[in-house]
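Letter by letter, the chains look like this.
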Amino acid sequence: MTKVNIITLGCSKNTVDSENVAGHLLKKGLEITFDKNVRADVVVVNTCGFIGDAKEESVRVILEQAGIKNRRRKPMKLFVCGCLVERYREELKSEIPEIDGFYGVHQWEEMIDDIAALKVQQFEEERFISTPKHYAYLKIAEGCNRRCSYCAIPFIRGKYVSRPMESLIDEAKQLVENGVKELIIIAQDTTYYGVDLYGRQCLAELLEKLALHSGAKWIRLHYTFPTNFPLDVLDVMKRYDNICKYLDIPLQHIDTEILSSMNRGIDEQGTLQLLDTIREKVPEMYIRTSLIVGYPGETEEKFQKLVDFVKSQRFERLGVFTYSSEEGTASAQLPDDIPQEEKERRLEEIMTVQEGIVEQQNEKLMETEIEVLIDRREGEYWVGRTQYDSPEVDTEVTVNSHFRLKKGEFYKVYLNGFFDYDLEGDAI
């Protein structure tokens, strides 16, 4: 039996693509693994080409696998796919001759056929999930119609294409039937869902149908966009207990001039009004956002406005990135006028502020009970998450228990400690 090792880099949208590839190959009878340390007959590297660090990681992993291929006595095929290929196919061909095949973000069927001689009619129909079996990502659309100045995704992934609602409901049901407890809704911009297909924003309608018909215990919403945010989504989130009171909404900045240069379609006042509305409609909501520091033209004054914004909003979850000039984007035409060292200093300053905010939030949770989904075991302890935390990026709960817990099950936990961002408690 041919063993195929699929190594996925970058975002959760890549994870879904890899899982669909795996599903088709598994159906053909091939053995599938998602562990880069496992030796295989065929290695597929699904790359990220979004920002500098991600591109460097993708090249490093490809070179590692090329080195393994050169050292092996047994033949090995190396296929590279995804965003990096879409942007730098010719450079990769020239620099890494060990690669046997190159496939962009719309060439999955071709790659599957080259690996397994399997003609694919509908790529999305098969899934073999690589995540722990109790949670899975549900990708509701491909591409993006936004034109943020710093982002290369629209010309890598193409225009926004929504998946039909019926197909998504069917896939969600199938995932739940196979043991998934948590569905994580993703797209490059989930709030745009339906505009191309139905002529209107349909995310609220999709969420309601998933809440009613999927059978999922938790439904989590990622990658929303602040401009023209569909407020009916908040009404649906409030109405259904199985929709997590968690909203991922990357804001990137608060200064109006910076937001305008970023082509975000919203200003400071609009951002503040939206945040007030979210807090008013769903008071228990945990908001996750991301910010960019060091964008061209970000003076010290504009940066301090961003710091004050973080202090006043007290986001429950926050990620900060330093600006990276990406070729082909609009902002690449602007002078990258802030030294990397200063960008890193600004990142650290905001994260220091955020650490203090999270510490105060965690103190308020002490001696309370909360529901936790167990993800894994580490030594003598179990590790899980609350409805307010997404896997791999947010707070985790270390759980002590006198009885054996099960991965993928929910337990009440009495919180009695915390360290940095993470919580500690005892299973009840």
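Above this note sits the structure.
Quick caveat: nothing in here was measured; it's all calculated off a predicted structure.

Participant: So what's going on with the overall build of the protein chain? Which residues, and what values?
Facilitator: Across its full length, the protein chain holds 13 helices and 18 strands. Its C-alpha atoms give the protein chain a radius of gyration of 22 Å, near enough to 22 Å, the size a compact globule of 428 residues would have. For the protein chain, the spread of C-alpha atoms along the principal axes amounts to about 60 × 60 × 45 Å. Out of the 428 residues in the protein chain, the part that is buried amounts to 56%. A fraction of 74% describes how many contacts in the protein chain between residues 6 or more apart in sequence connect residues 24 or more apart. Accessible area of the protein chain: about 19,200 Å², with a carbon and sulfur share of 47%. Computed over 55 positive and 75 negative side-chain charges, the inter-centroid distance for the protein chain is 5 Å.

Participant: Pulling in residues and values, what's your account of the sheet that holds strand β17 (residues 410–419)?
Facilitator: Strands sit in the order β14-β15-β16-β18-β17 around a closed barrel of five strands; the barrel is mixed. Taking the axes of each pair of neighbouring strands and ignoring which way they run, one obtains an average angle of 50° across the sheet. Pairing between strand β14 (residues 369–378) and β17: five bridges, direction antiparallel. Across the sheet, the residue bridging to Leu373 is Phe410, located in β17. Sheet strands in contact with helix α13 (residues 340–365) are β17 and β18 (422–427), and its direction is about 125° off that of β17.

Participant: I'd like a rundown of the pairing of strand β4 (residues 77–82), residues and numbers included.
Facilitator: In terms of burial, β4 is a largely internal element, five of the six residues being buried. Sheet analysis places strand β3 (residues 42–47) next to β4, joined by six bridges and oriented parallel. The residue bridging Val45 from the neighbouring strand is Val80, located in β4. Tracing the backbone out of β3, into helix α2 (residues 52–71) and back to the parallel element β4 gives a crossover that is right-handed. Bridging between β4 and strand β5 (residues 101–103) involves three bridges; their strand directions are parallel. The residue of β5 that forms the bridge with Val80 is Phe102. Running through helix α3 (residues 83–95), the crossover from β4 to the neighbouring parallel element β5 is right-handed.

Participant: Could you give an account of helix α4 (residues 108–116), naming the residues involved and the relevant values?
Facilitator: Looking only at α4, the buried set comprises Trp108, Met111, Ile112, Ile115 and Ala116. Projected down its long axis, α4 shows its buried positions confined to an angular sector of 105°, all on one face.

Participant: Describe the nonpolar core, naming the residues involved and giving the relevant values.
Facilitator: By size, the foremost hydrophobic cluster in this structure holds 59 residues, and its most contacted members are Ile140, Ile185, Leu207 and Ile350. When sequence neighbours within four positions are dropped, the list of residues in contact with Leu207 reads Ile185, Ile219, Leu221, Val233, Val236 and Ile243. With 18 residues, the next largest nonpolar core counts Ile7, Ile62, Leu92 and Phe102 among its residues.

Participant: Outline the sheet that holds β5, listing residues and values.
Facilitator: Reading across from one edge, β2-β1-β3-β4-β5 is the order of the five strands in this open sheet, with parallel pairing throughout. Strands at the two margins of the open sheet, each flanked by one partner only, are β2 (31–33) and β5. Averaged over all adjacent pairs, the angle separating strand axes in this sheet is 20°, with direction ignored. Where helix α1 (residues 12–27) meets the sheet, its contacts fall on β1 (3–8), β2 and β3, and the angle it forms with β1 comes to roughly 170°.

Participant: Tell me what's going on with the state of the cysteines, and back it up with residues and numbers.
Facilitator: A full pass over the atoms with the stated rule returns zero disulfides. The thiol sulfur of Cys144 is not disulfide-bonded, and the nearest other cysteine sulfur, from Cys151, lies at 6.4 Å. The exposure class assigned to Cys144 is buried, which follows from its relative accessible area of 7%. There is no disulfide at Cys151, and the cysteine sulfur nearest it, in Cys148, is 6.2 Å away. Its relative accessible area of 14% is what places Cys151 among the buried residues.

Participant: Now, about the side chain of Ser290: what can you tell me, with residues and values included?
Facilitator: Mapped onto the fold, Ser290 is located in strand β12 (residues 286–293). Exposure remark for Ser290: the relative accessible area of 12% places this residue in the buried category. The contact partners of Ser290, leaving out residues within four places of it in the chain, are Pro250, Leu251, Gln252, Gly319 and Phe321.

Participant: Which residues make up unusual backbone geometry, and what values go with them?
Facilitator: Residues other than glycine seldom take positive phi values, yet Gln252 does so here, at roughly 75°. As for its position among the elements, Gln252 is in the loop between β11 (243–248) and α10 (256–261). Taking the relative accessible area as the measure of exposure, Gln252 reaches 9% and is therefore buried. Backbone geometry at Glu392 places phi at a positive 75°, although glycine is not the residue there.

Participant: Give me the environment of Val44: which residues, what numbers.
Facilitator: Note on placement: Val44 falls in strand β3. Overall, the relative accessible area of 1% leaves Val44 in the buried class. It is 38 Å that separates the C-alpha atoms of Val44 and Met237, two residues lying 193 residues apart in sequence. In this view, Val44 contacts Val4, Asn5, Ile6, Ile7, Phe79, Cys81, Met111 and Ile115; residues no more than four positions away in its chain are not counted.

Definitions and limits used
- Residues numbered from 1 in each chain as written.
- Predicted model: local features only at pLDDT ≥ 70, side-chain atom pairs only at ≥ 80, totals over all residues.
- Heavy atoms only, no water.
- Helix = DSSP H or I, 4+ residues; strand = E, 2+ residues; numbered from the N terminus.
- Rg over C-alpha atoms; globule rule 2.2 N^0.38 Å.
- Buried < 20%, exposed > 50% of the residue type's maximum accessible area, 1.4 Å probe, protein only.
- Contact = heavy atoms within 4.5 Å.
- Areas by Shrake-Rupley, 256 points an atom, 1.4 Å probe, with all protein chains shown as cover.
- Lys, Arg positive; Asp, Glu negative; His and termini not counted.
- Charge placed at Lys NZ, Arg CZ, Asp CG, Glu CD.
- Pairing = 2+ DSSP bridges.
- Axes fitted to C-alpha atoms, helices over the stretch in contact; angles between N-to-C directions.
- Right-handed = clockwise from strand over helix to strand, strands pointing away.
- Arc of directions from axis to C-beta.
- Core = buried A, V, L, I, M, F, W, Y, C linked by side-chain atoms within 4.5 Å.
- Disulfide = S-S within 2.5 Å.

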